[in-house]
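# Chains, contacts and geometry: an overview
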Amino acid sequence: MLTIYRSNRAEWLAALIAQQLSIEPPNPFESIDIVVHTWSTSRWLSEQLAITNGVNAQIQFPFPRAYLRKIVQTLLDQHDDEDPWKAKKLVWPIIQLLPEFIQTENGQHLGEWLRKQNLKSNQLNKCEWQLARSIADAFDDYILYRPELVDRWITTTKQDFNYLTERLPKSSRWQPELFRLIEQEIKSKPFGTKVEEVITKIKNKEIKKAILPAQLNFFGLSRLAPIQIKLIKAISSITNVQIFLITPCPDLWKRCVRKK
């Protein structure tokens, strides 16, 4: 079940969580997760819960991207460390593919940048690693915020892929081609594809409720990727999901609609 609590006062929402924990306290060995967006929010909320209840133990404050990724891995019976699409792991296959890729027609744009750095042959250079990490970070964001685009890159036929690539500016054609090469190298599905697999399993009632915590809590999140919202909505059909949303008063929303 999905429950959304709304208020324009963060302290009221914090008091509500504290009251819930006071009425139904977890056992000494149970960990409670409250998903937040920033470290400062976690520290403030932790202090508010401690002030109200007198103690604040066994409460963790994960960030939404890592937390939802972990849930997907759990529901698919995988381990989080096995996901090669995380940026910190994706950087290494990119480094391995770059020397050969920059020799291709679409990889020349990256090759020109690397040649300007006066890199030594057969030696990993700091600039080369920084380039690979920047690409990994961009691809990680694509996987989260543009899963439909990524899916087209890796599932279309060769002919359709060539047509898709030719429509892009020459300076951007390396992106889909390099992403496709990485997918063939690591042979693993990106996050968006895994989310769709999880949603299908939930709809087909192939996932037991006991796998998930009895309740998922999200506090003060100001933004989520569409694929994350879709995942949360699907999960709410098999376990309790609470969203504590900081939102302005209804009058302000009406003024925003009129202005738009």
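### Brief notes about the packing of aromatic side chains
Within this structure, the stated rule accounts for 10 aromatic pairs. Ring plane angle 40 degrees and centroid distance 6.4 Å describe the contact between Phe-139 and Trp-174, whose orientation is recorded as tilted. Of this pair, Phe-139 sits in helix H6 (residues 126–145) while Trp-174 sits in helix H9 (residues 174–186), and the two are 35 residues apart along the sequence. The same class applies to Phe-139 and to Trp-174, which are both buried. Through successive ring pairs, a cluster of aromatic residues spans Trp-85, Phe-139, Tyr-142, Trp-153, Trp-174 and Phe-179. Taking NZ or CZ as reference, Arg-180 lies 4.5 Å from the ring centre of Phe-161, over its face.

### Re the side chain of Arg-173
Position of Arg-173 relative to the elements: it lies in the loop between helix H8 (158–166) and H9. Buried Arg-173, no salt bridge; nearest opposite-charge side chain is Glu-105, N-O distance 5.3 Å. Polar contacts involving the side chain of Arg-173 include one to the main-chain carbonyl oxygen of Leu-168, which spans 3.0 Å. Once residues within four sequence positions are removed from consideration, Arg-173 is found in contact with Asn-106, Thr-165, Glu-166 and Leu-168.

### With respect to the environment of Leu-131
Its place among the elements puts Leu-131 in helix H6. In this structure the C-alpha to C-alpha distance between Leu-131 and Trp-113, which are 18 residues apart in sequence, comes to 9.4 Å.

Cut-offs and rules
Residues numbered from 1 in each chain as written. Predicted model: local features only at pLDDT ≥ 70, side-chain atom pairs only at ≥ 80, totals over all residues. Heavy atoms only, no water. Phe/Tyr/Trp six-rings, centres within 6.5 Å; stacked < 30°, edge-to-face > 60°. Helix = DSSP H or I, 4+ residues; strand = E, 2+ residues; numbered from the N terminus. Buried < 20%, exposed > 50% of the residue type's maximum accessible area, 1.4 Å probe, protein only. Lys NZ or Arg CZ within 6 Å of the ring centre and 35° of its normal. Lys, Arg positive; Asp, Glu negative; His and termini not counted. Salt bridge = Lys/Arg side-chain N within 4 Å of Asp/Glu carboxyl O. Polar contact = N/O pair within 3.5 Å; in protein donor to acceptor, adjacent residues only side chain to side chain. Contact = heavy atoms within 4.5 Å.

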